[in-house]
2 protein chains.
Amino acid sequence: MILDSETKAVELPNEHGDELRLWLRLLTCTTLIEGEVRGRLRERFDVTLPRFDLMAQLDKAPEGMTLSDVSKRMMVSNGNVTGLVERLVESGHLDRRTSESDRRVQVIRLTKAGRAEFRRMAAEHETWIADIFAELTPRDVRELMRLLAKTKGSAQKSASRREA
Amino acid sequence: MILDSETKAVELPNEHGDELRLWLRLLTCTTLIEGEVRGRLRERFDVTLPRFDLMAQLDKAPEGMTLSDVSKRMMVSNGNVTGLVERLVESGHLDRRTSESDRRVQVIRLTKAGRAEFRRMAAEHETWIADIFAELTPRDVRELMRLLAKTKGSAQKSASRREA
DNA sequence: CCGTATTTCTTTAAGCTTCAAATAATTGGC
DNA sequence: GCCAATTATTTGAAGCTTAAAGAAATACGG
């Protein structure tokens, strides 16, 4: 505690400085890795990161997903998904059809060509990620996973407090 | 180790699965927090996150920064900065002048109004961040800082290997 | 000096992204 | 069955972002 010339308690600008620094470091790490992955995807496959991410979601869902599902999973807006899907259908990577049970719903899935293309990219992508995290020990990885899970939980609670 | 029907070693699709999962979790955390901060900045101050980030850089540099400096610090492209600065000069938050010693260089700094506005936003922003990370203990924070520093180093080395 | 390379910034085209409003289809209460 | 509320998606406007190419100024080697 520091007292100023009038002997009143003064708050240093450091009250939550650690959390702020942590957030900036988290953001830096993500931006760095994201940029690296984006660059490699472009160089090697001439594909954008959002397209790759969308295809990754669909690869895990052979029966297809609705646009809302994709939107939630990717944590992006609905309108964003609409545009992404449009371009990927156009390029032949995705198949899109209206649900028969609910005509509001669009179900999308990878085409055969889209899946093959994605698998090719994903195999290399995995080696890039391994290289990027190469200096972390298995123990570091586990510990980071744990702390990030805790962070995610904390952030979600904070978010739900706000929307309430 | 798993052996297939021909008694040959088979690589499960899990060779680097841990790193991949770590990357996805890192990305999820960042996206979550970023969305939360963006939403609050919009609600409370009707400002975008990139503008806030740019002003934050300038607040730390009272003598001003060149556009290249900003570009490196924010890890975004030059063209991106040009546009951001344009809009912030337009709105009266930034002052921009050509360097006298090198006429290629543009030096930008916060105007008086811009600095006041930023300080107001930053004070609240800090409490949001504290709330978002509220469930982490001081020890968690320290440990995350350490592991993310290690991650950043690892990623930077990987990036420099590629560009070489 | 001169010319070439480098640095700094802007421009352009394409795509990504959000938010908010609009449209369309379904659900649920009465 | 009908109407209001809800849900799924699209649209439109604004802004963000990148990569690549170009313009202007400086640096530097010969």
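Residues numbered from 1 in each chain as written. Chains lettered and ligands numbered in written order. Predicted model: local features only at pLDDT ≥ 70, side-chain atom pairs only at ≥ 80, totals over all residues. Heavy atoms only, no water.

Draft legend 1. Molecular detail of the protein's contact with DNA strand D. Around DNA strand D sit 25 residues, and of these Ser68(A), Asn78(A), Thr82(A), Arg96(A) and Arg87(B) come closest. Atoms of DNA strand D within 4 Å of the protein belong to the sugar or the phosphate in 78% of instances, the rest to bases. One of the backbone nitrogen or oxygen atoms of Ser77(B) is found 2.8 Å away from a phosphate oxygen of DNA strand D. Asn80(B) has a polar side-chain atom sitting 3.1 Å from a sugar or linking oxygen of DNA strand D. Where the surface near DNA strand D is concerned, the elements lending two or more residues are helix 3 (67–74) and helix 4 (78–90) of chain A together with helix 2 (49–59) and helix 4 (78–90) of chain B. With four residues, the top contributor of residues to the surface near DNA strand D is helix 4 of chain B. (Near = heavy atom within 4 Å. Polar contact = N/O pair within 3.5 Å; in protein donor to acceptor, adjacent residues only side chain to side chain. Helix = DSSP H or I, 4+ residues; strand = E, 2+ residues; numbered from the N terminus.)

Draft legend 2. Quick peek at the protein's contact with DNA strand C. In the vicinity of DNA strand C there are 24 residues, among which Arg87(A), Ser68(B), Arg96(B), Arg104(B) and Gln106(B) approach most closely. Within 4 Å of the protein, the atoms of DNA strand C are drawn from sugar and phosphate moieties in a proportion of 79%. Contacts to DNA strand C include Thr82(B), whose side-chain N or O atom sits 2.7 Å from a phosphate oxygen. Contacts to DNA strand C include Arg104(B), whose side-chain N or O atom sits 2.6 Å from a base oxygen. Looking at the surface near DNA strand C, the element that brings in the most residues is helix 4 of chain A, giving four residues. When grouped by side-chain class, the residues that make up the surface near DNA strand C number six nonpolar, 10 polar and eight charged. (Nonpolar A, V, L, I, M, F, W, Y, C, P; charged D, E, K, R; others polar.)

Draft legend 3. Molecular detail of the nonpolar core. Counting residues in each nonpolar core, the largest one holds 84 residues, and the members touching the most others are Leu54(A), Phe133(A), Leu54(B) and Phe133(B). Setting aside residues up to four positions removed in sequence, Phe133(B) forms contacts with Glu19(A), Leu22(A), Trp23(A), Leu26(A), Thr151(A), Ser154(A) and Ile33(B). (Core = buried A, V, L, I, M, F, W, Y, C linked by side-chain atoms within 4.5 Å. Buried < 20%, exposed > 50% of the residue type's maximum accessible area, 1.4 Å probe, protein only. Contact = heavy atoms within 4.5 Å.)

Draft legend 4. How the structure looks around the pattern of salt bridges. Taken as a whole and assessed by the stated rule, the structure comprises 28 salt bridges over all chains. Arg21(A) is the salt-bridge partner of Asp18(A), the closest N and O atoms lying 3.0 Å from each other. Within this pair, Asp18(A) and its partner Arg21(A) are both found in helix 1 (residues 17–45), separated by three residues, close to a single helical turn. For Glu117(B), the salt bridge goes to Arg120(B), with nearest N and O atoms at 2.5 Å. Taken together, the residues Glu117(B) and Arg120(B), both in helix 5 (residues 112–132) and three residues apart, mark about one turn of the helix. (Salt bridge = Lys/Arg side-chain N within 4 Å of Asp/Glu carboxyl O.)

Draft legend 5. Local environment of the relation of the copies chain B and chain A. For the match of chain B to chain A, the screw axis carries a shift of 0.0 Å, the RMSD comes to 0.0 Å, and the turn is 180°. What the superposition gives is, in effect, a two-fold axis relating one chain to the other. (Least-squares fit on C-alpha atoms with pLDDT ≥ 70 in both.)

Draft legend 6. Structural detail: the sheet that holds strand 4 (residues 94–98) of chain B. Residue and element names in this part refer to chain B. Strand order in the open sheet formed by three strands is 3-5-4, and the pairing between neighbours is antiparallel. Two strands in the sheet have a free side with no partner beyond their single neighbour: strand 3 (65–66) and strand 4. Along the sheet, helix 2 makes contact with strand 3, strand 4 and strand 5 (106–110), crossing strand 5 at roughly 95°. (Pairing = 2+ DSSP bridges. Axes fitted to C-alpha atoms, helices over the stretch in contact; angles between N-to-C directions.)

Draft legend 7. Layout of the side chain of Asp140(B). By the secondary structure assignment, Asp140(B) is in helix 6 (residues 138–163). Exposure remark for Asp140(B): the relative accessible area of 6% places this residue in the buried category. Beyond its immediate chain neighbours, meaning those up to four positions away, Asp140(B) contacts Arg146(A), Leu147(A), Lys150(A) and Glu135(B).

Draft legend 8. How the structure looks around the pairing of strand 5 of chain B. Residue and element names in this part refer to chain B. In terms of residue burial, strand 5 counts as a mostly covered element, since four of its five residues are buried. The pairing of strand 3 with strand 5 spans two bridges and is antiparallel. From the neighbouring strand, threonine 66 faces strand 5, where its bridge partner is valine 107. Strand direction decides the pairing type here: strand 4 and strand 5, joined by five bridges, are antiparallel. Bridging across to strand 5, leucine 94 finds its partner in leucine 110.

Draft legend 9. Inspection of the packing of aromatic side chains at higher detail. All names here are of chain A. By the definition in use, this model includes four aromatic pairs over all chains. With a centroid separation of 6.3 Å and 40° between ring planes, the pair formed by phenylalanine 45 and tryptophan 128 is classed as tilted. Taken together, the residues phenylalanine 45 in helix 1 and tryptophan 128 in helix 5 (residues 112–132) connect sequence positions 83 residues apart. A residue is classified by how much of its surface remains accessible, and phenylalanine 45, at 12% relative accessible area, is buried. With a relative accessible area of 6%, tryptophan 128 lands in the buried category. The ring of phenylalanine 45 has arginine 44 sitting right over it, with the charged end atom 5.2 Å from the ring centre. (Phe/Tyr/Trp six-rings, centres within 6.5 Å; stacked < 30°, edge-to-face > 60°. Lys NZ or Arg CZ within 6 Å of the ring centre and 35° of its normal.)

Everything listed is a geometric property; what it means functionally is a separate question.
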